[in-house]
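Read off the chains here:
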Amino acid sequence: MKYTVVKGTGIHRASVEQPDGTRKAIALFGKVSDLAAQSIIFLDGKPASEKWIVLFDGREESSPELLDSAACKDYIELHCDEA
């Protein structure tokens, strides 16, 4: 699993290496406020939180709110089918 920051944002990406050597992004994670600022999530009038969430590729629901990036990485490792 490799973790990177999307350039110019506070949003992080989790990716895995494929058998052919390419990398596949499996999740985005970051503060709710940062994800909303980039229009990745929509809050529908709710206040933007400083908590963190994980958004897995191909899944409609996000993780529960987490405390920090380390908690997001732990969550990804635990709940990712490809990790």
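Structure: see above.
Now for a look at the structure at hand. Note that this is a predicted model, so its numbers are computed, not measured. (Residues numbered from 1 in each chain as written. Predicted model: local features only at pLDDT ≥ 70, side-chain atom pairs only at ≥ 80, totals over all residues. Heavy atoms only, no water.)

### As for the sheet that holds strand 1 (residues 2-5)
Threshold: Two strands are counted as paired when DSSP detects at least two bridges linking them. Strands are runs of DSSP state E lasting at least 2 residues, helices are runs of H or I lasting at least 4, and numbering of each runs from the N terminus. Throughout, an axis means a line fitted to C-alpha atoms (over the contacting stretch in the case of helices), and angles, computed between N-to-C directions, take values from 0 to 180 degrees. Any two residues whose heavy atoms approach within 4.5 Å are treated as being in contact.
A sheet is described by the order of its strands in space; here four strands give the open sequence 1-2-3-4, paired in antiparallel fashion. With one partner strand each, in any of the chains shown, strand 1 and strand 4 (52-56) form the two edges of the open sheet. Between one strand axis and the next, the sheet turns by 25° as a mean value, whatever way the strands run. Pairing analysis gives four bridges linking strand 1 to strand 2 (residues 12-17), with the strands arranged antiparallel. Note on strand 2: the bridge partner recorded for Tyr3 is Ala14. Most of the contacts of helix 2 (residues 69-79) go to strand 4, to which it runs at about 30°, and overall it touches strand 1, strand 2, strand 3 (23-31) and strand 4.

### Let's talk about the environment of His79
The condition is simple: Relative accessibility under 20% of the residue-type maximum defines a buried residue, over 50% an exposed one, and the middle range a partly exposed one, all with a 1.4 Å probe and only protein chains included.
Counting through the fold element by element, His79 comes out in helix 2. Note on His79: relative accessible area 33%, which makes it partly exposed. Counting along the chain gives 23 residues from His79 to Phe56, while the straight-line C-alpha distance between them is 9.4 Å. In this structure, His79 is in contact with Phe56 and Arg59, ignoring residues within four places of it in sequence.

These results come straight from atomic positions and should not be treated as a statement about function.
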